[in-house]
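Residues per chain are reported as follows:
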Amino acid sequence: MDRRQRKTREAIFSAFTQLLSEKNLSRITVSDIITRADIGRATFYAHFETRDYLLKELCEELFCHIFDSMGENGENHKHIFECDAPRSAFLHLVQHIEKNDNHILDLLSCQNNEMFLGYFKTGLAKLIENQYETFDNIRSQKLPKDFWTNHIAATFVETIRWWIDNKMQESPQQITEYFLISINA
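This one's a predicted model, so the numbers in the text were calculated from it and none came from an experiment.

Draft legend 1. Structural detail: the overall build of the protein chain. When helices and strands are tallied, the protein chain shows 10 helices and 0 strands. Counting every position in the protein chain, which comprises 185 residues, the buried fraction comes to 45%. Nonlocal contacts in the protein chain, meaning residues at least 24 apart in sequence, comprise 57% of its contacts between residues at least 6 apart.

This is how it looks when you write it as structure tokens:
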């Protein structure tokens, strides 16, 4: 992707995430996004097939950022999310949620979040598979690997929902510890 395309894509992400802070996902239209991003409709569709595909790409961008930060060049990682990445991928994810980077918290807590949660769980499954050595030694051999991965992803999502519902009183470190303890229980 050349610099111009990357800037346009970032403008679309920025417009979308700004709109998420103002209104519910179900009320955001492509027209709203292109008006806010100051681009044409054809430009939007050159990057994203639909608003829902934009939502999927936003989630993929988050997980791509996390995966890149786990690599050898973790200190140089950058996407639309920027940070100083901790060693724990799950703590890293929780820190982005706490900061509400690109309105990820708004997406997790909005009324019509089922589509986003589906994309989020898909990204979590990839993250879990990437970190599988952390979880495989505590998996009962009676449990199929895909069941175990789904269980861990669902537990993480519910941990985050609980944290949000309780006004995020715990630190990202503490809620990550709760999540890891609950998987080990």
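Okay, back to it.
Draft legend 2. Just the packing of aromatic side chains, in detail. Scanning all chains against the criterion turns up 8 aromatic pairs. When the ring of F44 is compared with that of F48, the centres are 5.8 Å apart and the planes differ by 45°; the resulting orientation is tilted. Overall, the relative accessible area of 0% leaves F44 in the buried class. A relative accessible area of 0% means that F48 is categorised as buried. Taking the centre distance of 5.0 Å and the plane angle of 85° together, the rings of F156 and F179 count as edge-to-face.

Draft legend 3. The arrangement of helix α1 (residues 3-22) in detail. Given a rise of 1.5 Å per residue, 20 residues ought to cover 28 Å, and the 29 Å separating the end C-alpha atoms of α1 matches this to within 8%. Along α1, the residues that are buried comprise T8, R9, I12, F13, A15, F16, T17, L19 and L20. The N-terminus of α1 is capped by D2, whose side-chain oxygen sits 3.1 Å from the backbone nitrogen of R4.

Draft legend 4. Quick peek at the confidence of the model for the protein chain. Averaged over the protein chain, the pLDDT score is 82; the fraction of residues at 70 or greater is 84%. When mean pLDDT is taken per element in the protein chain, helix α2 (residues 30-37) scores highest with 97 and helix α6 (residues 104-109) scores lowest with 71. Counted against residues more than four places away or in other chains, residues 73-78, with its pLDDT under 50, gives 9 contacts.

Draft legend 5. Representation of the side chain of T176. Following the sequence through the fold, T176 ends up in helix α10 (residues 172-184). Here T176 falls in the buried class, since its relative accessible area comes to 5%. Setting aside residues no more than four positions away along its own chain, T176 makes contact with S88, F90, L91 and V94.

Draft legend 6. Up close: the packing of helix α9 (residues 145-165) against α10. It is at 10 Å that the axes of α9 and α10 come closest, and there the two elements cross at 145°. Crossing handedness for the pair α9 and α10: right-handed. Only P172, I175, Y178, F179, S182 and I183 of α10 make contact with α9, whose side of the interface consists of W148, I152, T155, F156, T159, W162 and W163. Here the residues of the contact of α9 with α10 are counted per class, giving 10 nonpolar, 3 polar and no charged.

Draft legend 7. Broad picture of the packing of α1 against α2. Two numbers describe how α1 lies on α2: the axes approach to 8 Å, and their chain directions differ by 115°. By crossing handedness, the relation of α1 to α2 is classed as right-handed. Facing α1, whose interface residues are A11, I12, A15, F16, Q18, L19 and E22, α2 presents D32, I33, R36 and A37. Of the residues in the contact of α1 with α2, the class split is 7 nonpolar, 1 polar and 3 charged.

Draft legend 8. Quick look at the nonpolar core. Membership of the largest hydrophobic core comes to 51 residues, with the highest contact counts inside it found for L93, F120 and L124. Counting residues per element, this core draws most heavily on α9, which supplies 8 residues. Dropping the residues within four chain positions of it, L93 is found in contact with L62, F63, I66, F120, L124, L127 and F156.

Draft legend 9. Quick look at unusual backbone geometry. In this structure, D38 is a non-glycine residue whose phi angle is positive, near 60°. Among the structural elements, D38 can be located in the loop between α2 and α3 (41-47).

Definitions and cut-offs
Residues numbered from 1 in each chain as written. Predicted model: local features only at pLDDT ≥ 70, side-chain atom pairs only at ≥ 80, totals over all residues. Heavy atoms only, no water. Helix = DSSP H or I, 4+ residues; strand = E, 2+ residues; numbered from the N terminus. Buried < 20%, exposed > 50% of the residue type's maximum accessible area, 1.4 Å probe, protein only. Contact = heavy atoms within 4.5 Å. Phe/Tyr/Trp six-rings, centres within 6.5 Å; stacked < 30°, edge-to-face > 60°. Expected span 1.5 Å × (residues − 1). Polar contact = N/O pair within 3.5 Å; in protein donor to acceptor, adjacent residues only side chain to side chain. pLDDT = per-residue confidence, 0-100. Axes fitted to C-alpha atoms, helices over the stretch in contact; angles between N-to-C directions. Left-handed = near helix turned anticlockwise from the far one by under 90°. Nonpolar A, V, L, I, M, F, W, Y, C, P; charged D, E, K, R; others polar. Core = buried A, V, L, I, M, F, W, Y, C linked by side-chain atoms within 4.5 Å.

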